[in-house]
Amino acid sequence: MAYIINDDCIACGACAEECPVECISESDGKYVINAEECVECGACASTCPVSAPNKE
């Protein structure tokens, strides 16, 4: 299961900077994860200040 970013996202970009496969991008004022490219490493979840990335 890939990670998703919930509505708690504050669009700080920390998750995108930490993602080793660069599958996170900004869209409509928050960040989204491309599920097909996500390798489920959890780097985004561990760096997010508001715990927005979660497993689907």
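Residues numbered from 1 in each chain as written. Predicted model: local features only at pLDDT ≥ 70, side-chain atom pairs only at ≥ 80, totals over all residues. Heavy atoms only, no water.

## Thoughts on the environment of Cys 9
On the secondary structure map, Cys 9 appears in the loop between β1 (3-5) and α1 (14-18). Judged by its relative accessible area of 17%, Cys 9 falls in the buried class. (Helix = DSSP H or I, 4+ residues; strand = E, 2+ residues; numbered from the N terminus. Buried < 20%, exposed > 50% of the residue type's maximum accessible area, 1.4 Å probe, protein only.)

## Examining the pairing of strand β2 (residues 24-27)
Note that β2 and strand β3 (residues 30-33) share four bridges and pair antiparallel. Note on β3: the bridge partner recorded for Ser 25 is Val 32. Here β2 folds back onto β3 in antiparallel fashion, the turn holding two residues, of which Asp 28 has a positive phi close to 55 degrees. (Pairing = 2+ DSSP bridges.)

## Thoughts on the nonpolar core
The biggest cluster of nonpolar side chains holds 14 residues, and the ones touching the most others in it are Ile 5, Ile 24 and Ile 33. If near-sequence neighbours (up to four positions away) are discounted, Ile 5 is found in contact with Cys 15, Ile 24, Lys 30, Tyr 31, Val 32, Ile 33, Ala 52 and Pro 53. (Core = buried A, V, L, I, M, F, W, Y, C linked by side-chain atoms within 4.5 Å. Contact = heavy atoms within 4.5 Å.)

## Let's talk about the pattern of salt bridges
Side chains that differ in sign of charge can pair as their charged atoms come close. Using the criterion set out here, one finds two salt bridges in the structure. Measuring nitrogen to oxygen at the nearest pair gives 2.9 Å for the salt bridge that ties Glu 40 to Lys 55. Of the two residues, Glu 40 sits in the loop between β3 and α2 (43-47) while Lys 55 sits in strand β4 (residues 53-55), which places them 15 residues apart along the sequence. Its relative accessible area of 35% is what places Glu 40 among the partly exposed residues. (Salt bridge = Lys/Arg side-chain N within 4 Å of Asp/Glu carboxyl O.)

## A short note on the environment of Ala 43
With respect to the secondary-structure elements, Ala 43 resides in helix α2. Considering only alpha carbons, one finds Ala 43 and Val 32, eleven residues apart in sequence, at a separation of 14 Å. In this structure, Ala 43 is in contact with Glu 18 and Pro 20, ignoring residues within four places of it in sequence.

## Observations regarding the environment of Asp 7
Relative to the helices and strands, Asp 7 resides in the loop between β1 and α1. With relative accessibility at 69%, the residue Asp 7 sits in the exposed group. Here the alpha-carbon distance between Asp 7 and Tyr 31, two residues 24 residues apart in the chain, equals 9.5 Å.

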